[in-house]
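Working through the structure, step by step
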Amino acid sequence: MPDAQIVQLFPTMATASNEIRSEQEQRVGVPTSVAEEIIRSPGRTLTVEELYPDLDTNQSILGSALVLLAEGETKLLDGETLARAGDQISADDATQHFLALLPELFCCRSLGDSFATVINALFHGLKNLNGVPVDEAQLTQMLSAIRVLRRRPFLEYDEALAVVARLEATGLRVDPRGLAIIAEALLA
Amino acid sequence: VHFELRYDQAYLLWDKAGAIWQDIRKANPNIKLREAGPAKVVMTIDRRFQLTIELDKLNISVFTPPSSMDDFIDLCMSVVRTSVHTLEIPLFSRVGLRVIYRQNFKSRAEASNALISTKMMKIPEGKHFGIEGEPRLPHYSIRWEGDKLGVQVIVQAQERKIMVEPALGETIVEPIEKDVFELVFDTDYSTIGTVESGQFRASEWITNGMRVIRRDSRAFLGG
């Protein structure tokens, strides 16, 4: 009869617990590094809300930002639906409600330069319209930008610049108005 | 406290390990090399922090943590930012936070009885397996899993022997031999699904994880 073998049914892993110890130290009894976990095939990607399930919206900037982003997404979604239905006035009203959220979202800029860049671009993009209602394509891109921030609030700067470029492609002028005046003066 | 990120093998480590560690050293001049190989580098800072970067995982540990975790969180944020950016890691297969608490006791029996007295385990009395003895070094382990996050909790009594022997002929330093009996409460809180790097910030994960662990550990430790 062959020797009995210990068969490991599942590969296991745990957060490592290497410790600074003298080489001479020995352990007796049950070791501590036994926390094990069955490796799963890569599951679906978590949402930010799932990754940080107990965020305190009063104390956490990320928590506040996620609440505001969710509200902003709802406003833009309403605006997009209304614009598609041909109700430009109500669509513009929804956009103005969205605009009112942007200064608060700007206060969450400590989440990163990328986050601040996109929020800035949205704010100035809307302000620079000077009262002209946003068109459907612009609404769609703004909605897309907010969804990117909701999904990846800590996005890389290159990705943020790509989001801004897509906003600009719809005709939105995303730079502060003062910057254009300075640029014109310099060119003159 | 151990913080860990796992990812698909990052081959750029073979090209850019030096750049990553140089960057970390700029912010932490006291960093000391402990182990270096093509697939794994281990460094320590002030005998308090241990940093390990491997082809498929990154681990940062703090030992004897103070009441504030701020310096650990700052270190994790800067190391993660540098490593993820340099190694171009788009996705984490697992994010983990492991917190280990220890309480020392005078003897093996005392440490064992501390866990047995919680009545977390059903331990029969009397003679068993033909042994007239006492239950020693009990170990309790349980795992909770949702479809996004999981946690493994281990409570155990254990014994460690610390032996430090100076070099032969060294008379200034006395050898050390010490038995340590302790009760260990070990929680390993981690993700189950994957996480995009753009979703992740170490400070949020650690702060949130520590709060969850402290809050829900009461169920085991009884307040």
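Quick notes on the rules
Along each chain, numbering runs from 1 in the same order as the chain's sequence is written. Here chains are named by letter from A upward and ligands by number from 1 upward, in the order in which they appear as written. Predicted model: local features are reported for residues with pLDDT of at least 70 only, side-chain atom pairs are reported and counted for 80 or more only, and whole-chain, interface and lining totals are derived from all residues. Derived side-chain values reflect all non-hydrogen atoms in the structure, with water molecules and hydrogen atoms excluded from consideration. Working definition: helices are DSSP H or I runs of at least four residues, strands are E runs of at least two. Numbering for both runs from the N terminus. For every residue, the accessible area (1.4 Å probe, protein chains only) is compared with the maximum for its type, and the residue is labelled buried under 20%, exposed over 50%, or partly exposed between those bounds. Any two residues having at least one pair of non-hydrogen atoms within 4.5 Å are treated as being in contact. Shrake-Rupley sampling with a 1.4 Å probe provides the accessible areas, and residues are treated as covered by the protein chains on show and by no other component. The charged-residue count follows a simple rule in which Lys and Arg add positive charge and Asp and Glu add negative charge, with His and chain termini not counted at all. By convention, the charge on Lys lies at NZ, on Arg at CZ, on Asp at CG and on Glu at CD. Each pair of strands is called paired provided DSSP finds at least two bridges between the two strands. To define a nonpolar core, start from buried Ala, Val, Leu, Ile, Met, Phe, Trp, Tyr and Cys residues and group those joined through side-chain atoms within 4.5 Å. Each residue carries a pLDDT score, the predictor's own confidence in it, on a scale running from 0 to 100. Only rings of Phe, Tyr and Trp enter the pairing, Trp through its six-membered ring, and a pair is recorded when the two centres are within 6.5 Å. The plane angle decides the type: under 30 degrees is stacked, over 60 is edge-to-face, the rest tilted. Expected span of a helix, by definition, is 1.5 Å for each gap between consecutive residues, and there is one gap fewer than residues. Here the arc refers to the directions that run from the helix axis out to each C-beta atom.

When helices and strands are tallied, chain B shows 5 helices and 10 strands. Taken along the three principal axes of its C-alpha coordinates, chain B extends 60 × 60 × 35 Å. In chain B, which comprises 223 residues, the proportion classed as buried is 50%. Of the contacts made within chain B by residues no fewer than 6 positions apart, 65% connect residues no fewer than 24 positions apart. For chain B, the exposed area adds up to about 11,700 Å²; of that, 53% sits on carbon and sulfur atoms. Each charge sign in chain B was given a centre, from 30 positive and 30 negative side chains, and these centres are 3 Å apart.

The next point concerns the pairing of strand 3 (residues 40–45) of chain B. Look at any regular strand and the pattern is simple: side chains alternate between the two faces of the sheet. Residues and elements named next belong to chain B. Extensive coverage of strand 3 is indicated by the burial of 5 of its 6 residues. Of the pairings in the sheet, the one linking strand 2 (residues 31–36) to strand 3 comprises 5 bridges and is antiparallel in character. Residue Ile31 lies in a different strand from strand 3, and its bridge partner there is Ile45. From the end of strand 2 to the start of strand 3, which pair antiparallel, there are 3 residues. By the bridge criterion, 6 bridges tie strand 3 to strand 4 (residues 49–54) in an arrangement that is antiparallel.

In this structure, Phe3, Phe72, Phe200, Trp205 and Ile206 of chain B are the most contacted members of the largest nonpolar core, which totals 102 residues. Those residues in contact with Trp205 of chain B that sit more than four places away from it in its chain are Leu51 and Tyr52 of chain A together with Phe3, Val95, Gly96, Leu97, Leu149, Tyr189, Ser190, Thr191 and Phe200 of chain B.

Turning our eyes to something else, we now look at the confidence of the model for chain A. Caution is warranted with low-pLDDT regions, since their predicted coordinates should not be read in detail. Residue and element names in this part refer to chain A. Residues of chain A with pLDDT of at least 70 account for 78%, and the chain-wide mean is 79. Across residues 1–12 the pLDDT falls below 50, and counting only partners more than four positions away or on other chains, this stretch makes 7 contacts in the model. Across residues 19–41, where pLDDT falls below 50, the model places 79 contacts with residues more than four positions away in sequence or in other chains.

All names here are of chain B. Counting across every chain of the model gives 6 aromatic pairs over all chains. Between Phe3 and Phe200 the ring centres are 6.0 Å apart and the planes differ by 10°, which places this aromatic pair in the stacked class. Taken as a pair, Phe3 in strand 1 (residues 2–7) and Phe200 in the loop between strand 10 (195–196) and helix 4 (202–216) lie far apart in primary sequence, 197 residues in all. Judged by its relative accessible area of 0%, Phe3 is buried.

It is worth spelling out helix 6 (residues 157–169) of chain A at this point. An α-helical segment advances 3.6 residues per turn. Residues three or four places apart therefore align on the same side. Residue and element names in this part refer to chain A. Over its 13 residues, helix 6 runs 18 Å from end to end, which matches the ideal 18 Å to within 8%, given 1.5 Å per residue. For helix 6, the set of buried residues is Ala160, Val163, Val164 and Leu167. Here the buried residues of helix 6 occupy an arc of 95° about the axis, which is enough to place them on one side. Seen from the buried face of helix 6, the exposed residues on the opposite side, beyond 90 degrees, are Asp158 and Ala169. Lining the buried residues of helix 6 we find helix 4 (113–127) and helix 5 (136–151).

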